[in-house]
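# Residue-level structure breakdown
So you can see what is in the structure, the chains are spelled out below.
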Amino acid sequence: AQTVTQSQPEMSVQEAETVTLSCTYDTSESDYYLFWYKQPPSRQMILVIRQEAYKQQNATENRFSVNFQKAAKSFSLKISDSQLGDAAMYFCAYRSLNTGFQKLVFGTGTRLLVSP
Amino acid sequence: DVKVTQSSRYLVKRTGEKVFLECVQDMDHENMFWYRQDPGLGLRLIYFSYDVKMKEKGDIPEGYSVSREKKERFSLILESASTNQTSMYLCASRDRGPMNTEAFFGQGTRLTVV
């Protein structure tokens, strides 16, 4: 079974600075998706960024980018120019392309604190 | 915009009660999911459904059941609520197909069993 590990329960960053959230995963599959989801205090989970495992190029979405290292099974999220609105829980998630109904497997989350 | 709506944001129930958590999506998605979220444990899948009247157990189905009589609605049922089921419950939906990557979530129901 696939597992996702987020080893940082909490991270802090100052506004305008850059922070990196770590995620590692374990799988024997070669085709899959990886995601970062954001859960602000409103509790609404929002997709931040996705990465297809077959793509070598790292995904970027505005101030958010990932460092995808397939061989190392590592998928970190970098947030540049941090803003107060980035404060939230961040979840890393994995989804197989080969398993029946492609459920999402989540890590335990990292709480990001942003200070002015 | 895709909308996934959970019927309650907060719910307080007594031990032994039968509890229904309702979820409705408006995007005609085939797949719907119920997750439980606990601090330090992340989100864990309880049940999912890939079609009307079809369901599959997730990782922690014990003490729960589900119902999907209509495509847009997926209900989570706690047959006899217990205090260890106090948690945040999140519903999600996603379209069919491996290339439809994004799952859309409801705003969660925080259930307290006393």
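Here the structure is shown first, and the text comes after it.
Criteria and thresholds
- Residues numbered from 1 in each chain as written.
- Chains lettered and ligands numbered in written order.
- Predicted model: local features only at pLDDT ≥ 70, side-chain atom pairs only at ≥ 80, totals over all residues.
- Heavy atoms only, no water.
- Contact = heavy atoms within 4.5 Å.
- Buried area = accessible area lost by both parts, 1.4 Å probe.
- Salt bridge = Lys/Arg side-chain N within 4 Å of Asp/Glu carboxyl O.
- Polar contact = N/O pair within 3.5 Å; in protein donor to acceptor, adjacent residues only side chain to side chain.
- Helix = DSSP H or I, 4+ residues; strand = E, 2+ residues; numbered from the N terminus.
- Disulfide = S-S within 2.5 Å.
- Buried < 20%, exposed > 50% of the residue type's maximum accessible area, 1.4 Å probe, protein only.
- Phe/Tyr/Trp six-rings, centres within 6.5 Å; stacked < 30°, edge-to-face > 60°.
- Lys NZ or Arg CZ within 6 Å of the ring centre and 35° of its normal.

Our next topic: the interface of chain A and chain B. Taken together, the contact pairs 21 residues of chain A with 30 residues of chain B. Carbon and sulfur atoms supply 52% of the area buried between chain A and chain B, which totals about 2,100 Å² over both sides. On the surface where chain A and chain B come into contact, there are two salt bridges. Where chain A meets chain B, there are eleven residue pairs in polar contact (both at pLDDT 80 or more). When residues of the side of chain A that touches chain B are traced back to their parent elements, those giving at least two are β5 (32–39), β6 (46–52), β10 (88–96) and β11 (104–106) of chain A.

Below, the discussion takes up the state of the cysteines. For the structure shown, the criterion picks out two disulfides over all chains. What pairs with Cys23(A) in a disulfide is Cys92(A), and their sulfur atoms sit 2.0 Å apart. The chirality of the disulfide connecting Cys23(A) with Cys92(A) is left-handed, given an S-S dihedral of about -70°. Taken together, the positions of Cys23(A) in the loop between β3 (19–21) and β4 (24–26) and Cys92(A) in strand β10 put the pair 69 residues apart, joining distant regions of the chain. Take Cys23(A): its relative accessible area is 1%, and that puts it in the buried class. One disulfide in the model links Cys23(B) with Cys91(B); its S-S distance is 1.9 Å.

Time to look at the packing of aromatic side chains. Within this structure, the stated rule accounts for 16 aromatic pairs over all chains. Considering the side-chain rings of Tyr33(A) and Phe35(A), the 6.1 Å spacing of their centres and the 40° angle between planes classify their relative orientation as tilted. Consider the rings of Tyr37(A) and Phe106(A), whose centres lie 6.1 Å apart with planes at 55°: the pair is tilted. On the criterion of sequence distance, the pair formed by Tyr37(A) in strand β5 and Phe106(A) in strand β11 is long-range, its members being 69 residues apart. Through a chain of ring-to-ring contacts, the aromatic side chains of Tyr33(A), Phe35(A), Tyr37(A), Phe91(A), Phe106(A), Phe33(B), Tyr35(B), Phe48(B) and Phe105(B) assemble into a single cluster. Its end group placed over the ring of Tyr10(B), Arg43(A) keeps NZ or CZ at 5.0 Å from the ring centre.

Quick look at the pattern of salt bridges now. By the definition in use, this model includes twelve salt bridges over all chains. In this structure, the salt-bridge partner of Lys73(A) is Asp26(A), at a minimum N-O distance of 3.8 Å. Here Lys73(A), found in the loop between β8 (64–69) and β9 (74–79), pairs with Asp26(A), found in strand β4; they are 47 residues apart in sequence, far enough to count as distant. The class of Lys73(A) is partly exposed, set by a relative accessible area of 25%. Given a relative accessible area of 42%, Asp26(A) falls into the partly exposed group. With a shortest N-O distance of 3.3 Å, Glu30(B) and Lys71(B) are connected by a salt bridge.

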